[in-house]
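Each chain is listed here by its residues.
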Amino acid sequence: MDPRRAETGKNSDQIQSGHVYHLALDIGGSLAKLVYFTKNDEHIVGSEKKKSPMKASGISNSSRNSPVLNGRLNFKKFETSKINDCLEFINSMKLHLGGCQQPESPGSQTITIKATGGGAYKYADLFKEKFRISLDKEDEMDCLVAGANFLLETIHQEAFTYMGNQKQFVWIDKNDLYPYLLVNIGSGVGMIKVEGDGKFERVSGTSIGGGTFWGLGKLLTKCKSFDELLDLSYRGNNRAVDMLVGDIYGGMDYSKIGLSSTTIASSFGRAISENKERDDYKPEDIARSLLRMISNNIGQISYLTALRFGLKRIFFGGFFIRRHPFTMDTLSVAVNFWSKGEAKAMFLQHEGFLGAVGAFMSSDKHGLKELLANQKVERPPSKLSFSLDQTQVPQQDGELNGDESIECSVYGA
Amino acid sequence: MATKGSNSIHRSSSRPLLDLSKAEIQGNVEEKYPTILLPNQSDDLSHLALDIGGSLIKLVYFSRHEGQSTNDKRMKILKDKLGILNGNRRSYPILGGRLHFVKFETNKINECLEFIYSKKLHCGGWESHHSDSTNDQNAVIKATGGGAYKFADLFKERLGISLDKEDEMDCLVAGANFLLKAIRHEAYTHMEGQKEFIQIDPNDLFPYLLVNIGSGVSMIKVDGDGKFERVSGTNVGGGTYWGLGRLLTNCSSFDELLELSQKGDNRTTDMLVGDIYGTDYPKIGLSASTIASSFGKATLENKELEEYRPEDISLSLLRMISYNIGQISYLNALRFGLKRIFFGGFFIRGHAYTMDAISFAVHFWSKGTAQAMFLRHEGFLGALGAFMSYEKHGLDDLMVHQFVERFPMGAPYTGGKIHGPPLRNLNEKISWMEKFLQKGTEITAPVPMTPPGTTGLGGFEVPLSKGSTLRSDASALNVGVLHLIPTLEVFPLLVDPKMYEPNTVDLSDHSELEYWLTILSEHLPDLVDKAVASEGGTDDSKRRGDAFARAFSAHLARLMEEPAAYGKLGLANLLEMREECLREFQFVDAYRSIKQRENEASLAVLHDLLMELDSLDEETRLLTLIEGVLAANIFDWGSRACVDLYHKGTIIEIYRMSRNKMQRPWRVDDFDAFKERMLGSGDKKPLPHRRALLFVDNSGADIVLGMLPLARELLRRGTEVVLVGNSLPALNDVTAMELPDIVAEAAKHCDILRRAAESGGLLVDAMTNTLDGSKEKLPSVPLMVVENGCGSPCIDFRQVSSELAAAAKDADLIILEGMGRSLHTNLYAQFKCDALKLAMVKNQRLAEKLVQGNIYDCVCKYEPAY
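Definitions and limits used
- Residues numbered from 1 in each chain as written.
- Chains lettered and ligands numbered in written order.
- Predicted model: local features only at pLDDT ≥ 70, side-chain atom pairs only at ≥ 80, totals over all residues.
- Heavy atoms only, no water.
- UniProt positions renumbered as here; feature names shortened; annotations may be inferred.
- Helix = DSSP H or I, 4+ residues; strand = E, 2+ residues; numbered from the N terminus.
- Buried < 20%, exposed > 50% of the residue type's maximum accessible area, 1.4 Å probe, protein only.
- Contact = heavy atoms within 4.5 Å.
- Areas by Shrake-Rupley, 256 points an atom, 1.4 Å probe, with all protein chains shown as cover.
- Salt bridge = Lys/Arg side-chain N within 4 Å of Asp/Glu carboxyl O.
- Pairing = 2+ DSSP bridges.
- Core = buried A, V, L, I, M, F, W, Y, C linked by side-chain atoms within 4.5 Å.
- Phe/Tyr/Trp six-rings, centres within 6.5 Å; stacked < 30°, edge-to-face > 60°.
- Lys NZ or Arg CZ within 6 Å of the ring centre and 35° of its normal.
- Buried area = accessible area lost by both parts, 1.4 Å probe.
- Polar contact = N/O pair within 3.5 Å; in protein donor to acceptor, adjacent residues only side chain to side chain.
- Nonpolar A, V, L, I, M, F, W, Y, C, P; charged D, E, K, R; others polar.
- Arc of directions from axis to C-beta.
- Axes fitted to C-alpha atoms, helices over the stretch in contact; angles between N-to-C directions.

As annotated in an unreviewed UniProt entry, chain B is Pantothenate kinase 2 from Arachis duranensis. Note on chain B: under the UniProt heading Subcellular location (unreviewed entry), the record states "Cytoplasm". The record in UniProt for chain B states the following under Pathway (unreviewed entry): "Cofactor biosynthesis; coenzyme A biosynthesis; CoA from (R)-pantothenate: step 1/5."

Per an unreviewed UniProt entry, chain A goes by the name pantothenate kinase and belongs to Arachis hypogaea. Among the UniProt annotations of chain A, the heading Catalytic activity (unreviewed entry) holds the following wording: "(R)-pantothenate + ATP = (R)-4'-phosphopantothenate + ADP + H(+)". Under the UniProt heading Subcellular location (unreviewed entry), the entry covering chain A gives this text: "Cytoplasm".

Draft legend 1. Seen up close, the overall build of chain B. Looking only at helices and strands, chain B has 28 helices and 27 strands in total. Buried residues in chain B amount to 60% of all 866 residues. Counting contacts in chain B only where the partners sit at least 6 residues apart, residues at least 24 apart contribute 74% of the total. Of the roughly 34,100 Å² that chain B leaves accessible, carbon and sulfur atoms contribute 50%.

Draft legend 2. Region of interest: the overall build of chain A. A count of helical and extended segments in chain A gives 13 helices and 16 strands. Within chain A, the proportion of its 413 residues that are buried is 58%. When the accessible area of chain A is evaluated, it comes to approximately 17,200 Å², of which 47% is carbon and sulfur surface.

Draft legend 3. Quick peek at the pattern of salt bridges. Residues and elements named next belong to chain B. Here the structure, examined in full by the defined rule, presents 50 salt bridges over all chains. Residue Asp-834 pairs with Arg-677 through a salt bridge whose shortest N-O separation is 3.2 Å. Separated by 157 residues along the polypeptide, Asp-834 in strand E26 (residues 834–840) and Arg-677 in helix H21 (residues 671–679) bring together distant segments of the chain. Residue Arg-677 is classed as partly exposed on the basis of its relative accessible area, which comes to 23%. If you follow the salt bridges from partner to partner, you end up with Asp-614, Arg-621, Arg-712, Glu-713 and Arg-716 in one network.

Draft legend 4. Representation of the pairing of strand E6 (residues 140–144) of chain B. Residue and element names in this part refer to chain B. The buried fraction of E6 amounts to four of the five residues, a majority that puts the element mostly inside the structure. Here four bridges tie E6 to strand E7 (residues 162–165), and the two strands are oriented parallel to one another. Directly across from Ile-141, in E7, lies its bridge partner Leu-163.

Draft legend 5. Structural detail: the sheet that holds strand E25 (residues 813–817) of chain B. Residues and elements named next belong to chain B. Here we have seven strands laid out as an open sheet, ordered E21-E27-E26-E25-E22-E23-E24, and mixed in their pairing. Both edges of this open sheet fall to strand E21 (668–669) and strand E24 (783–787), since each of them pairs with a single strand only. In this sheet, strand E27 (residues 858–863) lies alongside E21 in parallel orientation, the contact comprising two bridges. Considered in E27, the bridge of Asp-669 is made with Cys-860.

Draft legend 6. Representation of the nonpolar core in the model. By size, the foremost hydrophobic cluster in this structure holds 103 residues, and its most contacted members are Phe316(A) and Phe343(B). Ranked by residues supplied to this core, first place goes to helix H10 (residues 310–336) of chain B with 12 residues. By size, the runner-up hydrophobic cluster in this structure holds 62 residues, among which are Ile651(B), Tyr655(B), Ile703(B) and Leu783(B).

Draft legend 7. Seen up close, the packing of aromatic side chains. Residues and elements named next belong to chain B. In the structure shown here, the tally under the stated rule is 40 aromatic pairs over all chains. A centroid spacing of 5.2 Å and a plane angle of 70 degrees characterise the contact between Phe-101 and Phe-380, whose relative ring orientation is edge-to-face. Residue Phe-101 is found in strand E5 (residues 97–105), and its partner Phe-380 is found in the loop between strand E16 (372–375) and helix H12 (381–388); the two are separated by 279 residues along the sequence. The exposure classification of Phe-101 matches that of Phe-380, with both residues buried. Between the aromatic rings of Phe-360 and Phe-364, the centroid separation amounts to 5.8 Å while the plane-to-plane angle is 20 degrees, which identifies the pairing as stacked. In this pair, Phe-360 and Phe-364 both sit in helix H11 (residues 352–365), four residues apart, roughly one turn of the helix. On the basis of relative accessibility, which here comes to 29%, the residue Phe-364 falls in the partly exposed class. The ring of Tyr-390 is capped by Lys-142, whose NZ or CZ atom sits 5.9 Å from the centre of that ring. Note that Lys-165 overlies the ring of Tyr-149, its terminal NZ or CZ placed 5.7 Å from the centroid.

Draft legend 8. Quick peek at the interface of chain B and chain A. Counting from both sides, the interface comprises 51 residues of chain B and, opposite them, 52 residues of chain A. With both chains or domains summed, chain B and chain A bury close to 4,400 Å², and 57% of this area falls on carbon and sulfur atoms. By the criterion of area lost to chain A, the three top residues of chain B are Asn235(B), Arg246(B) and Leu247(B), representing 16% of everything that side buries. Joining chain B to chain A, the criterion identifies one salt bridge. Notably, a salt bridge pairs Glu306(B) with Arg278(A), separated by 3.4 Å at the nearest N-O pair. Taken together, the connections running from chain B to chain A amount to 17 residue pairs in polar contact (both at pLDDT 80 or more). Secondary structure elements with two or more residues in the side of chain B that touches chain A: helix H6 (168–182), strand E12 (227–234), helix H7 (238–248), strand E14 (291–293) and H10 of chain B. The element best represented in the side of chain B that touches chain A is H10(B), accounting for nine residues. Looking at the side of chain B that touches chain A residue by residue, the classes come out as 25 nonpolar, 17 polar and nine charged.

Draft legend 9. Expanded view of the environment of Leu609(B). All names here are of chain B. Within the secondary structure, Leu-609 is located in helix H17 (residues 592–614). A relative accessible area of 5% places Leu-609 in the buried class. Not counting the four nearest positions on each side in its chain, Leu-609 is found in contact with Tyr-655, Arg-659, Leu-705 and Pro-709.

Draft legend 10. Broad picture of the environment of Val505(B). All names here are of chain B. Within the element layout of this structure, Val-505 appears in the loop between strand E20 (481–484) and helix H14 (510–534). You can call Val-505 buried: its relative accessible area is 0%. Put simply, Val-505 and Ile-752 are 247 residues apart on the chain and 40 Å apart in space, counted from C-alpha to C-alpha.

Draft legend 11. Spatial organisation of helix H8 (residues 254–261) of chain B. All names here are of chain B. All of the buried residues along H8 are Phe-254, Leu-257, Leu-258, Leu-260 and Ser-261. Looking straight down H8, one finds its buried side chains confined to an arc of 160 degrees; they lie on one side. Structurally, H8 contributes buried residues whose contacts are with H7, H10 and H11.

Draft legend 12. Region of the structure containing the pairing of strand E3 (residues 48–52) of chain B. All names here are of chain B. E3 sits mainly inside the fold: five of its five residues count as buried. On E3, burial covers both faces: Leu-48, Leu-50 and Ile-52 on one face and Ala-49 and Asp-51 on the other are all buried. One ladder, built from five bridges, connects E3 with strand E4 (residues 56–64); its direction is antiparallel. By the bridge assignment, Ala-49 is partnered in E4 with Val-60.

Draft legend 13. Structural view of the sheet that holds E16(B). Residues and elements named next belong to chain B. What the seven strands build is an open sheet, ordered E9-E8-E16-E15-E10-E11-E12; its pairing is mixed. Since the sheet does not close on itself, it has two edges, and those belong to strand E9 (194–198) and E12, each with one partner. Each strand of the sheet is rotated relative to its neighbour by a mean of 30 degrees, with strand direction disregarded. Across five bridges, strand E10 (residues 208–213) lies against strand E15 (residues 340–344) in parallel orientation.

Draft legend 14. Geometry of unusual backbone geometry. Omega for the peptide link from Tyr178(A) to Pro179(A) comes to -5 degrees, which places this bond in the cis form. Across the junction of Phe206(B) and Pro207(B), the peptide omega takes the value -10 degrees, indicating a cis bond. Along the chain, Pro207(B) falls in the loop between E9 and E10. Positive phi is not limited to glycine here, since Phe295(B) has a value of about 65 degrees. For Phe295(B), the location among the structural elements is in the loop between E14 and H10. For Leu731(B), which is not glycine, the phi dihedral falls at a positive 50 degrees. Secondary-structure assignment places Leu731(B) in the loop between strand E23 (720–725) and helix H23 (739–747). What makes Leu731(B) buried here is its relative accessible area of 8%.

See the structure below:
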């Protein structure tokens, strides 16, 4: 197993129980995401909604000797700008010590946890200084793919489509999952062809991504945050700034080439024909137009890339989506449009935590995957539940937007 | 596909360009040019088509070629007596003409209306035929573009014409197909500031992807004429660039925004891979300077919009949009298995950086397997397509070799600037030039060449250009007037017309271009003197001489600035451009008097020379003849060195001196091989050639003392001789029109020449009686004269006159004489018959480059039939 752990010698028992509370971090530019495991009989901070523990029937057919621990996989996020809150949280959970109350951990003891994302470099010193936590950096894309693979293979209601405000979960046969296209929309957009565990390749991408939306949006409106810009876009009307097919052909559809009059012919194309200043446009309309431009474009390139490599499914993830319904909707519309209805955009329930989950899985000493994978019979093998320290209420459409946890069982290492 | 191709080839030989059914000659048949009545040729107005876009109006119009009546007598004799040219060949009624391309800004539509009115384009453009055609209320003109709807009423009101709207995409594709098939080197690639013109085999053109970048972007898969489908597109296009650019900067025009981008640094706005990872991300093959997120850097900083430089914003936008278009285009080409991607539309507008960015994106995403291509006539696709939508224009059937593009002053683009004053006559043109052509375009000394790639970079790096020196439209290519000359044909004796490249000197080499531009520039004052003197030095000729000097200097300056301005450029094109420019200012023959004087001087000593030759044995005579051709080739007013020489002696002195220096071996010396073919070796006497084509060069000693004696030798050996002269004057080159007179004069000194000339019908005027008398004598093989179809000191064998092509059919020997025809062009040309290339190298640089020799070295290159 993990050689480093073996070397820690006599403390191994305590530390072993600590492993159960395994923690992984994904520190991105705007958000820091945590994934950690808690045993069911452990105290969870503020927990109220405890679900009945899942039976770990996987024990008998497991090749491992270790006991199976029932518990939850918890997901939590912090704004990166408030990284201290994150550190506090970790401290309060004693996660770095494995969750066991062991007040007198000698100062010399350094604990290593898996981390990914740009912040894993940036904040490495801070973690070391404050809590003697050494961050073991994992490659971002490895983590992303590992996280997506794990979630898609093991979580029953992980993938869903979103069209016209309708969210629909899609059951995916895990034997028929690969190859798929994973589109990660961060500041830029990476498009990854995934053929199996650890088998993937970045095949394409575009520089027009979330950073473009937020960057241009910031310059064009007075928005102070990404979320504010997204909110604005929700209320806007892109017709004010976009040139539509109807604007060119006098309200008629250009049916010869199959374009309806409301199709966007040129994003921001209307801003050229009028003598209006920037301030004459509503920021809502600008935000809307930007969002549609970028989503549309990502949807198109993703579809073309999937087509090129013969990939059956396209999963979208990354902070740009952030389960924002309108973003998902425009992406879905774009994929639907360009594929003439043949392909559908899919999203992940735990989008945003792919990297953290991947980092968590990166040294799979917990056997989580194997265990869960063997529990097919007990569908659903996992359930979602809100952890109690959830700070945000679900949005009006019932989307999960805050912290959550998955009940599950892991082997004690 | 195959049927289509062969079909068009078939039709080209008997093309009914106009509906000739029920045609009859109107009026007196004895008239020289009786009007032909074409009752079924209904549509005179098929001579103008419009593409009215949001910012530009593009006009394509056709004007009939003023009938070229040169040397009709000779032509008639050739046809009547020999019948070789008449065959089953059609004569071409009013088919030849010119296709003009003009642009106006849409917001100055009045200028456009005025232009059309003054050129009478709204009534067919045939001024002489339609004196009162303005009454015609039913005039219909093809138009496309959004403005065809918007301005329909205006056209009706002001010009009384109805616009017949054609579908935009149909026009676009028709225009592109026509250009790619009919215009040589229409397409080019653009990488890192360097243009490279590409010749695409018309039979291997389809399918291709046409990406039209207007406000939005359309991607069209083209499978053939009229066979296409819009397969994709993107809403992120030119409108997005300009729209976002307007909102983000205070630019008031698209061009201003483009120009800003050249001074930009996108690192201040874009998030690069290096910004995220601190270094490259080699695992996925991204370098630190790769743009990870367009405008992503703006998310990291708390800066107001005003704190960013508009230049940086413009560049960042331009890259974002160009890369995106390139990427999506490539993916679509891949998806549909299309070989080539052509980009067009107003977003490109010849803007070097835009083209670089798109090219880079295609290169990057295709990992070098695909190339972005652009069209020289980009911008005119729609208008040309609308023109093509007339049913009886006949252009479909024309082929590459029947088009010649020329660049007169006042063509729609001059130095890349748009204008369109109607220039009705030369006087207006000269006035216009005085007003618009900036002083200082003259280049008198070599201008330092800025290295290419001013906007270069193509990639992820920062532009090197320091914007102020490069206007955004500086690289917009000049669009010339397209001359349609149906009588031009491909020279049938070329081994491989597809691979044939006339130019020996490739001017895409910058030092080479600079050298030749300087040579031409230095030669200019002398040429102007000659030209003005040729017309008696009148005030009018002086004014035209000035205008010519200005115009030609402007061309040279333009080429200095943008070597690709006129498309693929070889030395031959440059030399021809000079001649065309002279003709444009109505200098029909600048060297007329010099040529006459030299012809007379040479003819005076011809008799002595022939006597001398006849006293030699066959072998010595052949050598002396070739020596004579090489020696006489020294008389060349195109060569600076030779012009200096003329001040030092008389023609015959120089000729003799020159011939005395002709000791073999010459720098290139295949004389022995040629001699063996002519005289054989030992007892073997080879059959004489059936017919020889002699491509003659200069007037004076060159033709009289060099080539005529050689022709005489061939005639004496029983070989028919065809003298091939220029159709139009070029320097002191002898023209086909002048040859019969020279031959007639020479015939007075020589019986061989006389009988051959009679037999070839050249002496019909001089000796009307001898026609009867000649029956009694032994009939001689004929000596004939044909024109080559060009007016340049060089020759492009892809485009020669039909009479030369006809004469070539029985020829088994061609002799190319002089630098222009055998060195500047055709040194490496391969022919299906024996070929002898003779020239004296009268330029040190050329001597070093081509034959590793020195000035006045000689080339005698003999190549048996391939």
